[in-house]
Structure formats: structure tokens, C-alpha cells
Amino acid sequence: MACTTPACQPHHISVFSWVRDIPKVTLIIGTTVSNNAYVVPGECTVCKTHYYPDHKDFPSPVYNQQREIHLNSARYLKIGQTLWVDRVFSKAVLSATYNFHASANAYTQFWNDSFGNVTTKVVLGRPQIWQAFVHESTRMVATALEEDFETDANAKVDERCSMAARSLSTNTYATRPGY
Ligand SMILES: [Zn+2]
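Residues numbered from 1 in each chain as written. Predicted model: local features only at pLDDT ≥ 70, side-chain atom pairs only at ≥ 80, totals over all residues. Heavy atoms only, no water.

The protein is annotated in an unreviewed UniProt entry as CxC5 like cysteine cluster associated with KDZ domain-containing protein from Cyclocybe aegerita.

In C-alpha cells, the structure reads:
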């Protein structure tokens, strides 16, 4: 694994956390739930870009603050404090929304009745399904535009929605990789 910033390549990525601070999370892969997943952050010690499974953040001299690039190629997405899902899960949320006109509430109920509760002891909430919808939607648009969606670091999900809408209307959805 190497830093993708053009000026750094191919500098290696170091583990960016004490082992004791690496969070243990719940990971849903398709309909299978694992309660023993770990999120290991990485850092390029040259450009100070931090790498996570679904995004990378970096100190932006243009914005004078940390910015975040949401990776289209992410295999897993964070949809809750300690909850991650794979792209099969998030694509299913998107598909159900458009094909069945399912609301976030309806999909939450469907998932809990089908795969949560008794079977896996996991109960999802509407905000988590909504996050899956937003994260998958913004990546779908970014992929179609052959761009990466970029926001302020740690933007809340609703802020990401408005940033995406604003960026689309002004044709500045994202920056190209490499900033
Ligand atoms: Zn770097």
C-alpha cells in the first residue's frame, strides 16, 4: 500500500493509531454480520494524508483545513458510530429505494425483519440506512463523472447532501485525484 498523492508516490503508508485505539466495529457483509472487525487507519508521513477504508483526508492549503475525499473504490462504508457495511449492502439500499420506492423507514424495517433481530442480534435504525443511501448515491454520481467526491473533513451526512447538490449545480462536484 502506497500514498496516492502524485508528489509522494510510492511512499509507504504507516499505521496511524496505537493498537489499543484501533476500533472494533460491527461489519455487515451482504447479510452476514461480523462483530469482530477492526478499522486500521494509515498515514503517509510525507504529506500527512490519512487513509481509511472509505475515505482519505489531508491538510488542504487551498481551504486551509482538513478535506476529505470519499473513495469510489471503497469496499466498505461507515454508516454508524461502530457500524460498517460492504457495497452489496449499500447498493441494495439504493436499489430498493428506486425499484420499490422504499423509504429509509421501510427498508430499515425490512432488513431488521429479514436479517436482524433474532438472526444476527443486530437492529438497524433509519439514520444508518439513510447514511448508506447517501454514501452510495454520492459515489455513484462521482463514479459516473469520473471524479472523487470531496468535502470538508468530518462533514455530517446532511451537510454532505447539501454539498453534493450545490456542487452538482455549480459543476464543481469534486476534484480530480491528486488535488
Ligand atoms: Zn503522501
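That covers the picture; the talk isn't over yet.
A.B. asks: Can you lay out the UniProt feature "domain: CxC5 like cysteine cluster associated with KDZ" (unreviewed entry) in the protein for me, pointing to particular residues and giving the numbers?
C.D. replies: Those residues carrying the UniProt feature "domain: CxC5 like cysteine cluster associated with KDZ" (unreviewed entry) are residues 2–115 in this numbering. What you have in residues 2–115 is 21% helix and 35% strand, and the ends, taken at the C-alpha atoms, are 37 Å apart. (UniProt positions renumbered as here; feature names shortened; annotations may be inferred. Helix = DSSP H or I, 4+ residues; strand = E, 2+ residues; numbered from the N terminus.)

A.B. asks: I'd like a rundown of the environment of Glu-146, residues and numbers included.
C.D. replies: You can see Glu-146 is positioned in the loop between helix 3 (126–144) and strand 10 (148–152). For the pair formed by Glu-146 and His-135, sequence separation is 11 residues and the distance between their alpha carbons is 16 Å.

A.B. asks: Could you give an account of the sheet that holds strand 2 (residues 24–29), with specific residues and numbers?
C.D. replies: Strand order in the open sheet made by the 4 strands is 3-2-9-8, with mixed pairing throughout. Looking along the sheet, the strands with just one partner apiece sit at the ends: strand 3 (32–38) and strand 8 (76–80). Shown here is a sheet whose adjacent strand axes are inclined to one another by a mean of 30°, direction ignored. Sheet analysis places strand 8 next to strand 9 (residues 83–86), joined by 4 bridges and oriented antiparallel. In the sheet register, Tyr-76 faces strand 9, and the bridge partner there is Asp-86. Relative to the sheet, helix 1 (residues 87–99) contacts strand 2, strand 8 and strand 9, its axis offset from that of strand 9 by approximately 80°. (Pairing = 2+ DSSP bridges. Axes fitted to C-alpha atoms, helices over the stretch in contact; angles between N-to-C directions. Contact = heavy atoms within 4.5 Å.)

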